[in-house]
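# Architecture and fold: a report
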Amino acid sequence: LRSVRLSIHSKRPPRSYHACMAYARDLRSAGDGALVTFRYDQAVESYSLAVPVLQRWILNDESRIATPLLAFCLKNRAAVYLRLGQPLRALKDCEWALELPNIDASLKEALHQRRASASRELGEVPGSQPAACATASSTP
């Protein structure tokens, strides 16, 4: 597994769309494997390497692979952030993913649930204005 990790993380991302999607899928798989085996730092690293590769192709995503794959990586990276006690990062990933177009209903539902978990950990009521923003807006 270490050799797979080194080969995925040590090379530069490919240039063609299909090669980038395969590379991003490999990174997602490495992240998923690290997540289920509690290697959270490696999971964050894998998902974080996949994000810019996928983000580059969002506007030209004719086969509609990059957008849901990006949302999936953000959702799982948010799960890792929650396990690492970083709910603000988790919340930001969920909100970013929810802004992406063409996300299917089941993935949106999972993102909403993860965003609610992050909000609860931050002491916020999901769907309400964050306390810091409410305080700032009430100040003259």
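Given the structure is predicted, the values throughout are model-derived calculations rather than measurements.

On to the environment of Val 44. Relative to the assigned elements, Val 44 resides in helix α3 (residues 40–55). Accessibility expressed as a relative area gives 14% for Val 44, which makes it buried. With 30 residues separating them in the primary sequence, Val 44 and Leu 74 have C-alpha atoms 9.7 Å apart. With residues near it in sequence (within four places) discarded, Val 44 still touches Arg 77, Val 80, Tyr 81 and Leu 84.

Before going further, it helps to examine the pattern of salt bridges. By the definition in use, this model includes two salt bridges. Between Arg 28 and Asp 32 there is a salt bridge, and its shortest N-O distance comes to 3.6 Å. Highlighted residues: Arg 28 and Asp 32, both in helix α2 (residues 17–36), separated by four residues, approximately one helical turn. Between Arg 77 and Asp 93 there is a salt bridge; the shortest N-O distance is 2.6 Å. A residue pair is termed long-range when its members are at least 10 positions apart, and Arg 77 in helix α4 (residues 66–83) and Asp 93 in helix α5 (residues 87–99) qualify at 16 residues. Among the residues examined, Arg 77 registers a relative accessible area of 10% and is labelled buried.

At a minimum axis separation of 8 Å, α2 and α3 run at an interaxial angle of 160 degrees. As judged from the angle between their axes, α2 and α3 are roughly antiparallel. In this structure, α2 crosses over α3, and the sense of that crossing is left-handed. Facing Cys 20, Met 21, Tyr 23, Ala 24, Leu 27, Arg 28, Ala 30, Gly 31, Asp 32, Ala 34 and Leu 35 of α2, the residues of α3 in contact are Tyr 40, Gln 42, Ala 43, Ser 46, Tyr 47, Leu 49, Ala 50, Val 53 and Leu 54. Residue composition of the contact of α2 with α3, grouped by class: 15 nonpolar, three polar and two charged.

Attention shifts here to the packing of aromatic side chains. A ring pair, where both rings are aromatic, is described by two values, the distance of the centres and the angle of the planes. On inspection of all chains with the given rule, the structure shows two aromatic pairs. Between Tyr 17 and Trp 57 the ring centres are 5.3 Å apart and the planes differ by 80 degrees, which places this aromatic pair in the edge-to-face class. Within this pair, whereas Tyr 17 is found in helix α2, its partner Trp 57 is found in the loop between α3 and α4, the two being separated by 40 residues in sequence. Centre to centre, the rings of Phe 38 and Tyr 40 are 6.3 Å apart; their planes meet at 90 degrees, and the pair counts as edge-to-face.

Reading the values: rules and limits
Residues numbered from 1 in each chain as written. Predicted model: local features only at pLDDT ≥ 70, side-chain atom pairs only at ≥ 80, totals over all residues. Heavy atoms only, no water. Helix = DSSP H or I, 4+ residues; strand = E, 2+ residues; numbered from the N terminus. Buried < 20%, exposed > 50% of the residue type's maximum accessible area, 1.4 Å probe, protein only. Contact = heavy atoms within 4.5 Å. Salt bridge = Lys/Arg side-chain N within 4 Å of Asp/Glu carboxyl O. Axes fitted to C-alpha atoms, helices over the stretch in contact; angles between N-to-C directions. Parallel < 35°, antiparallel > 145°, perpendicular 65-115°, else oblique. Left-handed = near helix turned anticlockwise from the far one by under 90°. Nonpolar A, V, L, I, M, F, W, Y, C, P; charged D, E, K, R; others polar. Phe/Tyr/Trp six-rings, centres within 6.5 Å; stacked < 30°, edge-to-face > 60°.

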